[in-house]
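Residue-level structure breakdown
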Amino acid sequence: AIGVPARAEAAGAVRLAGLALLAGLALVPAARLRAADGAFRVETAVYDADDAEHPVARSLTLFKDGVAWDFLETLDDEGRPQGVEPAEIILHDPARERTVLVDPARNKKTRIDRLRLERLRTSLAAWARKSDDALLRWAGGPDFTGSFVDEQQTDGAVVLAGPRVRYEVRYEPAPGDGAAEEYRRFADTAILVKALVHPGGLPPFARIAINGRVAAADALPVSVRLAIDPRFGRIAGRPSVSRSEHRALASWTESDHRRVATAGEELSLAEEVDLAVYAGTAVAADDDAATVRR
């Protein structure tokens, strides 16, 4: 869970991945026909290098009736789940303007409302745009139109490049009407939650711009690759590379229904605590932001 240091780094990685962060191997295309009840699912695997054999984290996101349940697993060096499965559950409920994080191992939960995330968005953008670091200033946005590499754009792919950073995203048609926009809302919220709970990463606005491009194509990502060069140039070290792979299906399995029912019970029984208590560490203040250390 977020509050456990050993899991925190992997949890942050999955938050980046679940949002379509990171390009990799070809996956099974998303089914175009959406289930009659509007449900669909997205499986995500996150890798910490181009040549990594095993993912460092994995998540399953289940969508239905405008609500998304996100289940996180942190993995060991052999790609096997560590500890409690899932390590964390996150309920995204935009109709009620809330996100609820549940730690099953500690039987605790915390709520983050939309207003807090909007305040974070505003303060983080203002902070990034004042930075001495060109990458941070660029990542603060607000307009990334000139950063999309149009000469390399093809159907099903998008590239966004800035100072020392490059995103490469492949996408395929979403599983039915409305699914692309539903996924985008989840992805945007999830990356802001990550920025709040795990301050110190790259500001999320470039990712949010990519999410918008993919949703406008009525699509979902199937792979994302993020490469960041070291702060003092390639001579100081190799670029940091992360990648994620996503697989979308247009229905739930029987086990998915059972998983959501169990998650609902765990959510109702868990003790509600403040975010700082839940995280067990400092969280980003609405009027402050941590720097990227790369």
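Just above, that's the structure.
How each quantity is defined
- Residues numbered from 1 in each chain as written.
- Predicted model: local features only at pLDDT ≥ 70, side-chain atom pairs only at ≥ 80, totals over all residues.
- Heavy atoms only, no water.
- Helix = DSSP H or I, 4+ residues; strand = E, 2+ residues; numbered from the N terminus.
- Buried < 20%, exposed > 50% of the residue type's maximum accessible area, 1.4 Å probe, protein only.
- Areas by Shrake-Rupley, 256 points an atom, 1.4 Å probe, with all protein chains shown as cover.
- Salt bridge = Lys/Arg side-chain N within 4 Å of Asp/Glu carboxyl O.
- Contact = heavy atoms within 4.5 Å.
- Pairing = 2+ DSSP bridges.
- Axes fitted to C-alpha atoms, helices over the stretch in contact; angles between N-to-C directions.
- Phe/Tyr/Trp six-rings, centres within 6.5 Å; stacked < 30°, edge-to-face > 60°.
- Lys NZ or Arg CZ within 6 Å of the ring centre and 35° of its normal.
- Expected span 1.5 Å × (residues − 1).
- Parallel < 35°, antiparallel > 145°, perpendicular 65-115°, else oblique.
- Nonpolar A, V, L, I, M, F, W, Y, C, P; charged D, E, K, R; others polar.
- Core = buried A, V, L, I, M, F, W, Y, C linked by side-chain atoms within 4.5 Å.

**Focus: the overall build of the protein**
Secondary structure summary: the protein contains 7 helices and 11 strands in total. Of all 294 residues assigned to the protein, the portion counted as buried reaches 52%. Total accessible area on the protein is roughly 13,200 Å²; 50% of this is exposed by carbon and sulfur atoms.

**Details of the pattern of salt bridges**
Close approach of charged atoms allows side chains with opposite charge to pair. Per the stated rule, a full pass over the model turns up 16 salt bridges. The closest approach of N and O atoms between Arg-184 and Asp-188, which form a salt bridge, is 2.6 Å. Pair noted here: Arg-184 and Asp-188 are both in helix 4 (residues 179–197), with a separation of 4 residues, about one helical turn. The exposure class assigned to Asp-188 is buried, which follows from its relative accessible area of 7%. Here Glu-245 and Arg-243 are joined by a salt bridge, their closest N and O atoms 2.9 Å apart. The pair formed by Glu-245 and Arg-243 is uniform in burial state, with each residue classed as buried. Each of the salt bridges in this network shares a partner with another, and the network as a whole consists of Arg-41, Glu-43 and Asp-256.

**Observations concerning the environment of Asp-48**
Turning to its location among the elements, Asp-48 is positioned in the loop between strand 1 (40–47) and strand 2 (57–64). As a C-alpha pair, Asp-48 and Ser-242 span 194 residues in sequence and 4.7 Å in three-dimensional space. Apart from the residues within four sequence positions on either side, Asp-48 is in contact with Val-56 and Val-241.

**Let's talk about the sheet that holds strand 6 (residues 108–113)**
Ordered in space as 7-8-9-10-1-2-3-4-5-6-11, the 11 strands form an open sheet in which the pairing is mixed. A strand with exactly one partner marks an edge of an open sheet, and here the two such strands are strand 7 (157–162) and strand 11 (271–272). Sheet topology places strand 2 next to strand 3 (residues 67–74); 8 bridges connect them, and they run antiparallel. Bridged to Ser-59 within strand 3 is Leu-72. The strands that helix 5 (residues 205–216) touches are strand 7, strand 8 (165–173) and strand 9 (219–228); relative to strand 8, the one it contacts most, it runs at about 25°. On the sheet, helix 6 (residues 254–269) packs against strand 1, strand 2, strand 3, strand 4 (88–93), strand 5 (98–103), strand 6 and strand 11 and is oriented at approximately 90° with respect to strand 3.

**Digging into the packing of aromatic side chains**
Tallied over the full model, the rule gives 5 aromatic pairs. Cluster of aromatic residues (ring-pair linked, three or more members): Phe-40, Phe-63, Tyr-183 and Phe-186. In this structure, Arg-213 packs its charged tip against the face of Phe-148, placed 3.7 Å from the ring centre. If you follow Arg-259 out to its NZ or CZ, it ends over the ring of Phe-71, 5.1 Å from the centre.

**Overview of helix 4**
Spanning 19 residues, helix 4 covers 27 Å between terminal C-alpha atoms, matching the ideal 27 Å at 1.5 Å per step. With respect to burial, helix 4 is a largely interior element, 15 of its 19 residues being buried.

**Structural notes on unusual backbone geometry**
Following Gly-141, the chain continues into Pro-142 via a peptide bond in cis, with omega recorded as 10°. By the element assignment, Pro-142 lies in the loop between helix 3 (134–139) and strand 7. Positive phi, close to 55°, is recorded for Glu-97, a residue that is not glycine. Within the secondary structure layout, Glu-97 lies in the loop between strand 4 and strand 5.

**Things to note about the pairing of strand 7**
Alignment of strand 7 against strand 8, held across 6 bridges, turns out to be antiparallel. Residue pairing in the sheet places Ala-161 in a bridge with Arg-166 of strand 8. Counted along the chain from strand 7 to the antiparallel partner strand 8, the turn is 2 residues long, and its residue Arg-164 has a positive phi close to 65°.

**A closer look at the packing of helix 4 against helix 5**
Following both chains from N to C, one finds helix 4 and helix 5 inclined at 175°, their axes separated by 9 Å at the closest point. The orientation of helix 4 with respect to helix 5, classified from their angle, is roughly antiparallel. Contact residues: helix 4 offers Ala-180, Glu-181, Arg-184, Ala-187, Asp-188, Ile-191 and Leu-192, while helix 5 offers Arg-207, Ile-208, Asn-211, Gly-212 and Ala-215. Taken together, the residues that form the contact of helix 4 with helix 5 break down as 6 nonpolar, 2 polar and 4 charged.

**Observations concerning the nonpolar core**
In terms of nonpolar packing, the biggest core is built from 38 residues, with Ile-112, Trp-138, Leu-160, Val-165, Tyr-167 and Ile-210 touching the most fellow members. At the level of elements, helix 2 (114–129), helix 3, strand 7, strand 8, helix 4, helix 5, strand 9 and helix 7 (275–279) are the ones that each hand at least two residues to this core. Beyond its immediate chain neighbours, meaning those up to four positions away, Leu-160 contacts Trp-138, Phe-144, Ser-147, Phe-148, Val-165, Arg-166, Tyr-167, Ala-206 and Ile-210. Membership of the second largest hydrophobic core comes to 15 residues, among which are Ala-39, Ile-89, Leu-91 and Ala-270.

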